[in-house]
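As a plain string of letters, each chain reads:
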Amino acid sequence: MRVIVDLEKCCGAGQCVLLAPKVFDQRDDGIVILLDEHPPEALHKAVREAACVCPGAAIKLEEQA
Amino acid sequence: MTIPASVLVVGASVGGLAVVEALRREGYTGALTLLGAERHPPYDRPPLSKKVLSGAWEPDRTRLRQDAALAQLAATMILGEQAVHLDVLGRAVTTASGRRLTAEAIVIATGLEPRRLPGQEPWAGVHVLRTLDDAVALRADLLAGSQVVVVGDGVLGAEAAATARGMGRAVTLVGPQSTLLASQLGPQIGGYLAELHQRQGVQLRLGVAVEALVGDGERVRGVRLADGELLPAEVVVVAIGSRPATDWLTDSGLRLADGVVCDSRCRAAEGIYAVGDVARWHHEGLGTALRLENRSNAVEQGAAVAANIVGKDRPYAPVPFFWTDQYEVKIQVHGWAPADAQVAIVEGSPEAGQFAALYGSGGKVVGVLGWNMVKQTRSLRQHVVERTDWSLVKSLRAS
Ligand SMILES: Cc1cc2nc3c(=O)[nH]c(=O)nc-3n(C[C@H](O)[C@H](O)[C@H](O)COP(=O)(O)OP(=O)(O)OC[C@H]3O[C@@H](n4cnc5c(N)ncnc54)[C@H](O)[C@@H]3O)c2cc1C
Ligand code: SF4
């Protein structure tokens, strides 16, 4: 799985960090920091949920990558 | 319980889409239909009053998913068609064009309709702001006119005022409350927000009702207040709240009480669920019925509804999350911020333009609000989850 974040769409909600703190962090202004572009299998479920709940629709996943 | 072979979702916005996506995430392989009254594919509303209105984003950027991602859901999308009737026992929805759609489970995701002023005339220059088309029309008028009156002292009114001001317009905001967002954030923080708007040059007329719009039969010319004052206006934004879009359900037999009344599983009747702004459900953690109007709720409730459709029997009891952007200020609220709560600033300060505040009610922490303090706010959220004793708040600092 490959995770892609769109910094311009991110509204700094931090829902992604609450769900998958090993994959996402936030800068001081709230904008997302991608910690792991290719998260391990065990985290895929949490990352998928983060992509869906992200209020900025800022997280995209390439499942095949 | 058997898993329904087909699911019909009525309302193709963020809540409805969340149900469809979460069902597929749950591994659901049955037939899915998404029916929506708007002709647009699902799009996001929060940018409408911010980046779309200001022109920073083209309207198309609000699309929630690109075509490829929607196609992957293998759902039938019926757009530009309104549901007009629900047959609860027959599990069928009739649309305005007379089509009858049936499914073993039906999800109501029809959101809200903006309230209008009593006797509001359909004059040019008068706007509500709920849909993408509303935002595009309002932006066109804001580009053409220079004097703007915003009627409404809630989140939407404040955001519209901030954006119009950012476009260099002369803006007056009118509302009945003592301060901006008083009922949403309480008088103290609402007061800081009012000061922010005044510093940015917005004229505030608070604590006064609007009597009527004034116009020449074609265009709006101003707004008359209950105290007699006449505010001239070329553009008027009416942002006085919304009501659940349940007109199509009045003869369904479902219980409607400021929303579709649901149990703790977001179920309105056997095989019928509701999600998002339209749903009033029983929050087990609070022990009361609740309806939320925010973006995160629509998505999280969508996941809960999907889980319940596939038989997981999961109560929906979230810590709400809501944000608003006005000028350079990002306000975020986890939990509740009741107007009569105690408020304690535990990080930063209003003077510094950055702070985090805890809200206390019944001796417990019930909410945290961040004002340009994203990370600290997120870590303070834990106190809302744990309902930390209010007596401990003095010793609190976000770690
Ligand atoms: C301008 C604006 C700014 C906002 N900003 C924020 C913000 O900053 N932060 C935040 O947390 N929240 C914000 N919100 C709130 C957030 O957008 C809503 O909570 C969210 O859109 C709710 O999603 P929903 O799917 O429940 O309802 P909606 O998004 O209202 O969607 C309901 C859909 O159902 C359709 N529909 C209605 N009746 C029928 C029918 N009879 N048949 C078929 N379809 C029907 C409607 O056309 C609509 O497309 C904002 C809302 C607006 C309008
Ligand atoms: S959840 Fe989405 S909007 Fe929020 S910080 Fe993460 S990427 Fe940004």
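Numbers given for residues are sequential positions, taken from 1 along each chain in its written order. Note on labels: chains are lettered from A, ligands numbered from 1, in written order. Totals for whole chains, interfaces and linings use every residue, but because this is a predicted model, local features are given only for residues with pLDDT of at least 70 and side-chain atom pairs only at 80 or more, for both listing and counting. Values shown for side chains rest on all heavy atoms present in the structure; no hydrogens or waters enter the calculation.

An unreviewed UniProt entry lists chain B under the name Reductase C-terminal, from Nannocystis exedens. UniProt positions are given in the numbering used here, feature names are shortened, and annotations may be inferred rather than shown by experiment. The UniProt entry for chain B carries the following text under Cofactor (unreviewed entry): "FAD".

With an unreviewed UniProt entry as reference, chain A is termed Ferredoxin, source organism Nannocystis exedens. UniProt annotates chain A under Function (unreviewed entry) with the comment "Ferredoxins are iron-sulfur proteins that transfer electrons in a wide variety of metabolic reactions."

Put simply, DSSP marks the helices as runs of H or I at least four residues long and the strands as runs of E at least two long, and each gets a number from the N terminus on. Each helix and strand in chain A was counted, giving two helices and four strands. Atoms counted for the radius of gyration: C-alpha only. Globule rule: 2.2 Å times residue count to the power 0.38. Against the compact-globule benchmark of 11 Å for 65 residues, chain A has a radius of gyration of 10 Å, which places it among compact chains. The C-alpha extent of chain A, read off along each of the three principal axes, is 30 × 20 × 15 Å. Counting all 65 residues of chain A, 48% fall into the buried class. Put simply, of all contacts in chain A between residues at least 6 apart along the chain, 56% involve residues at least 24 apart. Partly exposed residues are those whose accessible area sits between 20% and 50% of the maximum for their type, while under 20% is buried and over 50% is exposed, using a 1.4 Å probe and protein chains only. Residue contacts are counted whenever heavy atoms from the two residues lie within 4.5 Å of one another.

Right, let's get into the sheet that holds strand E23 (residues 321-326) of chain B. All names here are of chain B. Judged by pairing direction, the sheet is antiparallel, and its five strands sit side by side in the order E23-E24-E27-E26-E25 without closing on themselves. Across the chains shown, the open sheet's two edge strands, defined by having one partner strand only, are E23 and strand E25 (342-349). Strand-to-strand twist of the sheet, defined as the mean angle between neighbouring strand axes without regard to direction, takes the value 15 degrees. For two strands to pair, DSSP has to find at least two bridges joining them. Sheet analysis places strand E24 (residues 329-335) next to strand E27 (residues 364-371), joined by five bridges and oriented antiparallel. In the sheet register, His334 faces E27, and the bridge partner there is Val368. A fitted line through C-alpha atoms serves as each axis, taken over the contacting stretch for helices, and the angle formed by two N-to-C directions is quoted from 0 to 180°. Docked against the sheet, helix H9 (residues 374-386) engages E24, E25, strand E26 (354-361) and E27, running at close to 170 degrees with respect to E27.

Residues and elements named next belong to chain B. Residue proximity to a molecule or strand is established when one non-hydrogen atom of the residue lies within 4 Å of it. Surrounding ligand 1, one finds 31 residues, the nearest of these being Ser13, Glu38, Arg45, Lys50 and Arg130. Here a polar contact means two N or O atoms within 3.5 Å. Within protein one must be a hydrogen donor candidate and the other an acceptor candidate, and residues neighboring in sequence count only if both atoms are side-chain atoms. Side-chain polar atom of Arg45 to an oxygen atom of ligand 1: 2.6 Å apart, as the coordinates give it. Trp323 is positioned with one of its backbone polar atoms (N or O) 3.0 Å from an oxygen atom of ligand 1. In short, Shrake-Rupley with a 1.4 Å probe defines the accessible areas, and a residue's cover is counted only from the protein chains shown. Taken by itself ligand 1 offers 1000 Å² of open surface, and the protein chains cover 93% of this. Those elements giving two or more residues to the shell around ligand 1 turn out to be helix H1 (14-25), helix H5 (155-166) and helix H8 (295-309). Residue assignment places the shell around ligand 1 across two domains, with domain 1 (6-112 + 243-309) and domain 2 (116-240) each supplying three or more. As annotated, the domain borders come from an automatic or database domain assignment.

Further remarks concern the domain arrangement of chain B. Residues and elements named next belong to chain B. The assigned domain composition of chain B is domain 1 (6-112 + 243-309), domain 2 (116-240) and domain 3 (328-398). Averaged C-alpha coordinates put domain 1 and domain 2 at centres separated by 29 Å. At the junction of the two partners, domain 1 supplies 16 residues and domain 2 supplies 15 residues. Taken together, both faces of the contact between domain 1 and domain 2 bury some 1400 Å²; the carbon and sulfur share is 61%. Looking only at domain 1, the three residues that lose the most surface to domain 2 are Leu48, Ser49 and Leu53, adding up to 41% of its buried area. The rule for a salt bridge is simple: a side-chain nitrogen of Lys or Arg has to be within 4 Å of a carboxyl oxygen of Asp or Glu. The partner of Asp277 in a salt bridge is Arg130, with the nearest N and O atoms 2.9 Å apart. One can count ten residue pairs in polar contact (both at pLDDT 80 or more) joining domain 1 with domain 2. For the side of domain 1 that touches domain 2, the leading source of residues is helix H2 (residues 51-54), giving three residues. Gly falls in the polar group here, along with every residue not listed as nonpolar (Ala, Val, Leu, Ile, Met, Phe, Trp, Tyr, Cys, Pro) or charged (Asp, Glu, Lys, Arg). Of the residues belonging to the side of domain 1 that touches domain 2, the class tally is six nonpolar, five polar and five charged. A quick way to say it: buried area is the sum, across both parts, of accessible area lost when two parts are put together, with a 1.4 Å probe.

Attention now goes to empty space enclosed by the protein. Here the term cavity refers to a set of points on a 1 Å grid, laid over the protein atoms alone, in which a 1.4 Å probe fits but cannot get out; the term pocket refers to an open set having protein on both sides within 12 Å along at least five of seven lines, with lining residues being those that place an atom within 4 Å of a point. Grid points are joined across faces, edges and corners, and a volume is the space filled by probe spheres set on the points. For the structure on display, the rule yields five cavities of 30 Å³ or more. The volume enclosed by the largest cavity comes to roughly 100 Å³. Contributing to the lining of the largest cavity are 15 residues, with Cys10, Ala13, Gly14, Cys16 and Cys54 of chain A lying nearest its centre. When grouped by side-chain class, the residues that make up the lining of the largest cavity number nine nonpolar, six polar and no charged. Computed from the structure, the second largest cavity encloses a volume of approximately 60 Å³. Lining the second largest cavity we find Ala51, Cys52, Cys54 and Ala57 of chain A together with Val14, Leu17, Ala18, Glu21, Leu64, Arg65, Arg295 and Val299 of chain B. Mapped onto the lining of the second largest cavity, the elements with two or more residues apiece are helix H2 (44-53) of chain A together with H1 and H8 of chain B. When residues of the lining of the second largest cavity are assigned to their parent elements, the largest contribution, four residues, is made by H1 of chain B.

What follows is about the interface of chain B and chain A. Counting residues at the interface gives 22 residues for chain B and 25 residues for chain A. Viewed at the interface, chain A and chain B are joined by two salt bridges. Along the contact surface separating chain B from chain A lie ten residue pairs in polar contact (both at pLDDT 80 or more). Counting residues per element, the ones that place at least two in the side of chain B that touches chain A are H1, H8, E23, E24 and H9 of chain B. Of the residues in the side of chain B that touches chain A, the class split is six nonpolar, three polar and 13 charged.

We now examine the packing of aromatic side chains. All names here are of chain B. What counts as a ring pair is set by centres within 6.5 Å for rings of Phe, Tyr and Trp (its six-membered ring), and what kind of pair is set by the plane angle: stacked under 30 degrees, edge-to-face over 60, tilted for all other angles. Overall, the coordinates contain four aromatic pairs over all chains when judged by the stated rule. Measuring from ring centre to ring centre gives 5.6 Å for Tyr192 and Phe355, while their planes differ by 80 degrees; the resulting arrangement is edge-to-face. Placement of the pair is Tyr192 in helix H7 (residues 187-199) and Phe355 in strand E26, with a sequence separation of 163 residues. An identical accessibility class is assigned to Tyr192 and Phe355; each is buried. An angle of 40 degrees between the planes, with centres 5.0 Å apart, marks the rings of Trp281 and Tyr316 as tilted. Separated by 35 residues along the polypeptide, Trp281 in strand E21 (residues 279-283) and Tyr316 in the loop between H8 and E23 bring together distant segments of the chain. Residue Tyr316 is classed as buried on the basis of its relative accessible area of 5%. Pairwise contacts between aromatic rings join Tyr192, Phe355 and Trp371 into one cluster. Throughout this description, the term charge over a ring refers to an Arg CZ or Lys NZ atom that lies within 6 Å of the ring centre and within 35 degrees of the ring normal. Above the plane of the ring of Trp57 lies Arg61, whose end atom (NZ or CZ) is 4.7 Å from the centre.

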